Amino acid sequence: MKKEYIEPFFATLRAANPQPVTELKYTSVFELLAAVLLSAQATDVGVNKATRKLFAVAPTPQAILDLGLEGLESYIKTIGLYRTKAKNLLATCRILVEQHGGQVPRTREALEALPGVGRKTANVVLNSAFGEATMAVDTHIFRVSNRTGLAPGKNPLEVEKGLLKRVPEPYRVDAHHWLILHGRYVCVARKPLCWQCAVEPFCDFQPKTPRP
């Protein structure tokens, strides 16, 4: 994507959705962390369905610990890989209680030290909870960044670094939300919906998908 196209690309996305947010439902920083941890290889809709009941009874790290492994699994068993995720979430809650006073830490290093929390999850928490200009590169962002030519890369870290370099500062905090939503609903995996894409004029993808 030509450098001069990047600003109008994001201006168009912002005009359509001025205040984008994650589609995961949460009411605290801890709930966000737990929801993102549970969302790996799962849909936001599926995670929200499970966490709606879980967070109603266990909205804090200590409350999750009090449920125990079997109790936690009973709430999240509809989510893929739920056994591994339950163990990771319990271990994370234990660290939060014992080392962070039950609070979610604000540094990347401390977040990535939590079981089940990788770079992408840390980026989501740093961005959505603490307002930092991070890029949580999931499959949607990876696809959109490569397909449009915005920030091509062979792996998520390359794409993340490319986005941080190319996205203009005024759009940086919200950029990953716009790209996720664009990849989820317009620039979809199998066949992008180019004929209804507002940013199609700025995109490198060829040939454009014609109207069916």
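Rules used throughout
Within each chain, residues carry numbers counting from 1 in the order of the written sequence. Under the rules for a predicted model, residues below a pLDDT of 70 receive no local features and side-chain atom pairs below 80 are neither given nor counted, while totals for whole chains, interfaces and linings still include all residues. To get the side-chain values, take all heavy atoms of the structure and skip hydrogens and water. Only the six-membered ring of Trp is used, alongside the rings of Phe and Tyr, when aromatic pairs are assigned; centres must lie within 6.5 Å, and planes under 30 degrees apart are stacked while those over 60 apart are edge-to-face, with the rest tilted. Remark: exposure states derive from per-residue accessible area (1.4 Å probe, protein chains only) relative to the maximum for the residue type, with buried under 20%, exposed over 50%, and partly exposed in between. Per the convention used, a helix needs a DSSP run of H or I reaching at least four residues, while a strand needs a run of E reaching at least two, with both numbered from the N terminus. Axes here mean lines fitted to C-alpha atoms, for a helix over just the part in contact, with angles spanning 0 to 180 degrees between N-to-C directions. Angle categories are assigned with fixed cut-offs, so that under 35 degrees is roughly parallel, over 145 is roughly antiparallel, 65 to 115 is roughly perpendicular, and the rest are oblique. Each crossing is labelled by how the near helix is turned from the far one, with a counterclockwise turn of less than a right angle marking it left-handed and a clockwise turn marking it right-handed. In what follows, residue pairs with any heavy atoms lying within 4.5 Å of each other are defined as contacts. As a working rule, the residues Ala, Val, Leu, Ile, Met, Phe, Trp, Tyr, Cys and Pro are called nonpolar, Asp, Glu, Lys and Arg charged, and the rest polar, with Gly in that last group. The length a helix should cover is 1.5 Å for every residue beyond the first.

Asker: When you look at the packing of aromatic side chains in this model, what are you seeing that I'm missing?
Answerer: Here a ring pair, both rings aromatic, is described through the centre-centre distance and the interplanar angle of the planes. Scanning the entire structure with this criterion turns up five aromatic pairs. Note on Phe9 and Phe10: the rings are 5.1 Å apart at their centroids and 80 degrees apart in plane angle, and the pair reads as edge-to-face. Judged by relative accessible area, which is 0%, Phe9 ranks as buried. Among the aromatic side chains, those forming a connected cluster through ring pairs are Phe9, Phe10, Tyr171 and Trp178.

Asker: Help me out: how do you make sense of unusual backbone geometry in this one?
Answerer: Following Gln206, the chain continues to Pro207 via a peptide bond in cis, the omega torsion being -10 degrees. On the secondary structure map, Pro207 appears in the segment after α10 (172-185). Even without glycine at this site, Gln41 takes up a positive phi of about 55 degrees. For Gln41, the location among the structural elements is in the loop between α2 (29-38) and α3 (44-57). Despite not being glycine, Leu81 has its phi angle at roughly 60 degrees, a positive value.

Asker: Please clarify how the packing of α3 against helix α4 (residues 61-76) should be interpreted in this entry.
Answerer: Each pair of packed helices gets described by two things: the angle between the helix axes and the distance between those axes. α4 packs onto α3 with a crossing angle of 155 degrees between their chain directions and a minimal axis gap of 11 Å. In terms of orientation, α3 lies roughly antiparallel with respect to α4. Considering only the axes of α3 and α4, their crossing is right-handed. Between α3, through Ala50, Lys53, Leu54 and Val57, and α4, the contact on the second element is made entirely by Ala63, Ile64, Leu67, Leu72, Tyr75 and Ile76. When the residues that make up the contact of α3 with α4 are grouped by side-chain class, the tally is nine nonpolar, no polar and one charged.

Asker: For this particular structure, what's the right way to read α10?
Answerer: In an α-helix, one turn spans 3.6 residues, which is why side chains three or four residues apart end up on the same side. Counted at 1.5 Å a residue, the expected span for α10 with its 14 residues is 20 Å, and the 21 Å between its end C-alpha atoms agrees. Every buried residue of α10 is listed here: Ala175, His176, His177, Trp178, Leu179, Ile180, Leu181, His182 and Gly183. The inward-facing, buried residues of α10 abut α1 (3-16), α7 (119-128), α8 (139-148) and α9 (156-166).

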